[in-house]
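# Architecture at a glance
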Amino acid sequence: LISLFGMAYAYFKATVNNAESASTISIESGELTINYQGNTADIVASGIVPGWSETKKFTLSGKNTTKTNEFHTDNNLYYKIILAIDNNTFSEGALTYSLAKDSTSSTNGKMADEASGTINQSGNQIIGYGYFSETSTFVDHIYNLTISFPSTEYDQSADNGKSFAAHVTIGEGKQTISEYISKLDLTKNGLEIDDTTDKNLRYVGASPKNYLKFNDDEIWRIVGVFNNITTIDELGNEKKESLVKIVRNDSLGDYSWDSSESSTNNGWGVNEWSQADLMTELNNDYINPNPASETTLWFNGSNNAKTGTYNYDKNIKSKSIDKIAKVRWNTSRATDEASTLNSYNQERSTTLIDTPSDNVPRNNIWEGKIALIYPSDYGYASTDKTCRNKINSSTNNVYNCKNENWLFNSKYQWTLSPLSGRANVVVDVYSGGYVSYSSAHNTLGVRPVLFLKSDVVIAGGTGESIENAYTLE
């Protein structure tokens, strides 16, 4: 190594301990401790070369007398194993970890799944989740953590003299829904990573395992895990997150996307979501926890007709409203003839109409909680390649996008995107199964769409059917 590269790998130290704070975490009536083989948590190595690895054993001991209450819907004591990276100057992906169960562990509860992957450059990296069932005495979950500097077929001299330090710690908590879905077997669950630059994880095909109980016992479907979503908290602070998007399985009813006075677009509405009637209804009436009456009227025709009855019993309930993230939605114009990928990019375009014919200013973003599916969501839900190439394609007069597509329901439904080049027209999903368009004042099905907050966790279920739908807490 010295003759080839001029210097040895100078220093490598992975500190796997919890010495900087108390080693016991107390959670309600549960108690969780972490202990290390030989009473030391250090993995120390210097002068390492490609192909190096070392394993450290650690024990999580749990005594769980936690009882069911408002915050815990079962009696399990949940924990997460965290690799906290204190320093990592190695190149991205150069170091890896592997977490394995030790065969001498207790069978109480559920241990974290065996896992492996590259080590992050910084921050806290969650590498496993487990839980202890009720027990009056301490029982042990024993793990072996291996840190490695794998050898590759390429020149690795760029990592000469680099250093790494980290420690393992534990925390209380279940796996979030986005983390859970991201670790599922893609083929078995009907999942696919899309071809966009965001590499979103989507449920695809006719019958993916994406059923979810939300808003009490309503059935919703999970669209997927979407990356680089901008969230806005109560103080206006923004950050990028990976969030789960869901859509109501059934429509709330048939209503206008927007309507207008006869002097504006002949009374046929304006295709600007930030001022659309449906936007207001979904983000006011629909998430109103204390309606003054049993019903109200929503827009459902031209010239500001407002005679469509809406029942407040369909509302999002208070405890479910708290699970909804406020995010920045893309509201740019799309066409009905694009490929699914091009449609995705159109929806996120920053190009605006400078002088719309109705003189209503257009926006390409909107911040709120409740919206609608995108045309690209419908296209990506189908596994038909012809549909992916053109979202209004047909073969022998049969429209391809309804093939193997769980979002198709034989009814018209609105999307979020205005049609490019028109002032009052919005892209929709036609009842025949392809992406089309309609004047905003027309009455089409409304299936609300929202993003769940990043801390929402799965409480149960498998997602494979209505009867076994995921539940949340």
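Quick look at the structure, then.

What counts, and at which threshold
Residues numbered from 1 in each chain as written. Predicted model: local features only at pLDDT ≥ 70, side-chain atom pairs only at ≥ 80, totals over all residues. Heavy atoms only, no water. Helix = DSSP H or I, 4+ residues; strand = E, 2+ residues; numbered from the N terminus. Buried < 20%, exposed > 50% of the residue type's maximum accessible area, 1.4 Å probe, protein only. Contact = heavy atoms within 4.5 Å. Areas by Shrake-Rupley, 256 points an atom, 1.4 Å probe, with all protein chains shown as cover. Lys, Arg positive; Asp, Glu negative; His and termini not counted. Charge placed at Lys NZ, Arg CZ, Asp CG, Glu CD. Disulfide = S-S within 2.5 Å. Salt bridge = Lys/Arg side-chain N within 4 Å of Asp/Glu carboxyl O.

## Here we look at the overall build of the chain
Helices and strands together make up the secondary structure of the chain, namely 8 helices and 30 strands. Projected onto its principal axes, the C-alpha positions of the chain cover 80 × 60 × 45 Å. Across the 473 residues that make up the chain, the buried fraction comes to 52%. Within the chain, contacts between residues separated by at least 24 positions form 69% of all contacts whose residues are at least 6 apart in sequence. When the accessible surface of the chain is totalled, it reaches about 20,900 Å², and 45% of it is carbon and sulfur. The centroid of the 40 positive side-chain charges in the chain is displaced by 2 Å from the centroid of its 56 negative side-chain charges.

## Concerning the state of the cysteines
Inspection of the entire model under this criterion finds 1 disulfide. Two residues, Cys-387 and Cys-401, share a disulfide whose sulfurs are 1.9 Å apart. When the S-S torsion is 95°, as for the bridge of Cys-387 with Cys-401, the disulfide is right-handed. On the criterion of sequence distance, the pair formed by Cys-387 in helix α8 (residues 385–389) and Cys-401 in the loop between β23 (398–399) and β24 (413–418) is long-range, its members being 14 residues apart.

## Section: the pattern of salt bridges
For the structure on display, the rule yields 12 salt bridges. Between Arg-362 and Asp-358 there is a salt bridge; the shortest N-O distance is 3.0 Å. For the pair shown, Arg-362 and Asp-358 are each scored as buried. A cluster of three or more residues bridged by salt bridges with shared partners is formed by Asp-194, Arg-202, Lys-245 and Asp-377.

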